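If you want the building blocks of each chain, they are given just below.
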Amino acid sequence: MNFFKSKRKVSLVLGSGGARGLVQIGVIKMLLQKGYIIDEIVGCSIGSLIGAAYAQGKLDELEEWLKGVTKMKVFQLMDFSNPWFGILKGTKALDSLKLVFPDIAIEALPIRYVAIATDLRNECEVVFDTGSVYDAIRASIAIPAVFTGVDSEGRYLVDGGVLNPLPINYVKKSKRNLVVVVNLDGRPDPEVGEVVAGGKYTSLTVLQEAYFAMRRRLSQLSIDMHKPDYVITVPHNTAGIWDYHRTLDLVEKGMKWTDLLMPDANLKRKKAPVNS
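Conventions used here
Residues numbered from 1 in each chain as written. Predicted model: local features only at pLDDT ≥ 70, side-chain atom pairs only at ≥ 80, totals over all residues. Heavy atoms only, no water. Buried < 20%, exposed > 50% of the residue type's maximum accessible area, 1.4 Å probe, protein only. Helix = DSSP H or I, 4+ residues; strand = E, 2+ residues; numbered from the N terminus. Contact = heavy atoms within 4.5 Å. Axes fitted to C-alpha atoms, helices over the stretch in contact; angles between N-to-C directions. Parallel < 35°, antiparallel > 145°, perpendicular 65-115°, else oblique. Left-handed = near helix turned anticlockwise from the far one by under 90°. Nonpolar A, V, L, I, M, F, W, Y, C, P; charged D, E, K, R; others polar. Expected span 1.5 Å × (residues − 1). Arc of directions from axis to C-beta. Salt bridge = Lys/Arg side-chain N within 4 Å of Asp/Glu carboxyl O. Pairing = 2+ DSSP bridges.

Student: Requested: an account of helix α6 (residues 133–140), with residues and values cited.
Tutor: The element α6 is largely enclosed, with a buried count of 7 among its 8 residues. Those residues of α6 lying buried are Val 133, Tyr 134, Ala 136, Ile 137, Arg 138, Ala 139 and Ser 140.

Listed below in structure tokens is the structure:
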């Protein structure tokens, strides 16, 4: 670790990964309990949503709202669209979330917040660091073929995780802050259960596992290149993409994994931390 880095201030990178991203609420809660100060958040997909709630001081409210989400409520929040463009519009869920934390300008947030989306038309990443928080979230969470993309100003925006599921490269305070990363694309945990039922690959499971393998490689390349101080790795079979009814369990997992990895902020460190 750079000798001149703060022992308490954190630049937090929240990755892409659907409902398993709810562990990131637990990560934030435990960081705060241990005395860290989060003054920069870079979020992608579900990470952009959780990061925005924290930046507004509304993380507890978001957690409480999510605890009330059942399988039935997940279905009720699905506003089905023309499947030719994407299964869901995504408007209904975001409108409901605006009752939890409002839509404000990113530049009005008290800490640096950045959300990342992917422009498919121009094959590049798009950085949201100004403008509407919810415009940024909507673009960043648009999982291809699941949510309709955002077609605007010559760009077609979809989930930031398509090109960069772990956008460490957009951290600006890495020279003076600890960089803590939540990687939602860890290798599957065999104790959780079989990734491929019966060990038999079908055309669907081959497509799915190839996608996960590509995401794992992209995330690992980002970690290897930017060398964050701490990496909290979440096995990708921890939760399914729609398992929002498991909020309590996933938040607890995030707190547990963070507690195991991160020392208390006020403890003296004799050696540089080791990534998990």
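Still more to cover.
Student: Account for the environment of Tyr 54, with residues named and values stated.
Tutor: Tracing the sequence through the fold places Tyr 54 in helix α2 (residues 46–55). Expressed as a C-alpha distance, the spacing of Tyr 54 and Ile 28, which sit 26 residues apart in the sequence, is 8.3 Å. Non-local contacts of Tyr 54, meaning those with residues more than four positions away in its chain, are made with Ile 28, Leu 32, Ile 38, Ile 41, Leu 59 and Ile 111.

Student: I'd like a description of the packing of α2 against α6, backed by residues and values.
Tutor: For the pair α2 and α6, the least separation of the axes is 8 Å and the interaxial angle reads 160°. By the criterion of interaxial angle, the relationship of α2 to α6 is roughly antiparallel. Crossing angle aside, the handedness with which α2 passes α6 is left-handed. Contact residues: Ser 48, Leu 49 and Ala 52 in α2; Val 133, Ile 137 and Ser 140 in α6. Its residues assigned to classes, the contact of α2 with α6 shows 4 nonpolar, 2 polar and no charged.

Student: Quick one: what's the story with helix α8 (residues 247–261), residue by residue and with numbers?
Tutor: Here α8 contains 15 residues, and its C-alpha end-to-end distance of 21 Å stays within 8% of the 21 Å for a straight helix at 1.5 Å per residue. Regarding α8, the residues found buried are Thr 247, Leu 250, Val 251, Gly 254, Met 255, Thr 258 and Leu 261. For α8, the angular spread of the buried residues around the axis is 140°, confining them to a single face. For α8, the exposed residues set more than 90 degrees away from the buried face come down to Lys 256 and Leu 260. Contacts from the buried residues of α8 go to α1 (23–33), α3 (59–67) and β8 (230–235).

Student: Break down the pattern of salt bridges for me, with residues and values.
Tutor: Scanning all chains against the criterion turns up 14 salt bridges. In this structure, the salt-bridge partner of Asp 39 is Lys 173, at a minimum N-O distance of 3.5 Å. One end of the pair, Asp 39, is in strand β2 (residues 37–44); the other, Lys 173, is in the loop between β6 (155–159) and β7 (178–186), with 134 residues separating them in the sequence. The residues Asp 39 and Lys 173 share a single accessibility class, namely buried. Of the charged contacts in the structure, one is a salt bridge between Lys 98 and Asp 95, with a shortest N-O distance of 3.8 Å. Each member of the salt-bridge network shares a partner with another, and the members are Lys 29, Glu 63, Glu 64 and Lys 67.

Student: Lay out the pairing of strand β3 (residues 112–119) in plain terms, naming residues and giving numbers.
Tutor: In terms of residue burial, β3 counts as a mostly covered element, since 7 of its 8 residues are buried. Two elements, β2 and β3, share 5 bridges in a ladder whose sense is parallel. For Val 42, the partnering residue across the bridge sits in β3 and is Val 114. As defined by bridge partners, β3 adjoins strand β4 (residues 124–128) across 5 bridges and the pair is classed as antiparallel. In the sheet register, Ala 117 faces β4, and the bridge partner there is Val 126.

The quantities given are spatial measurements derived from coordinates; they are silent on function.
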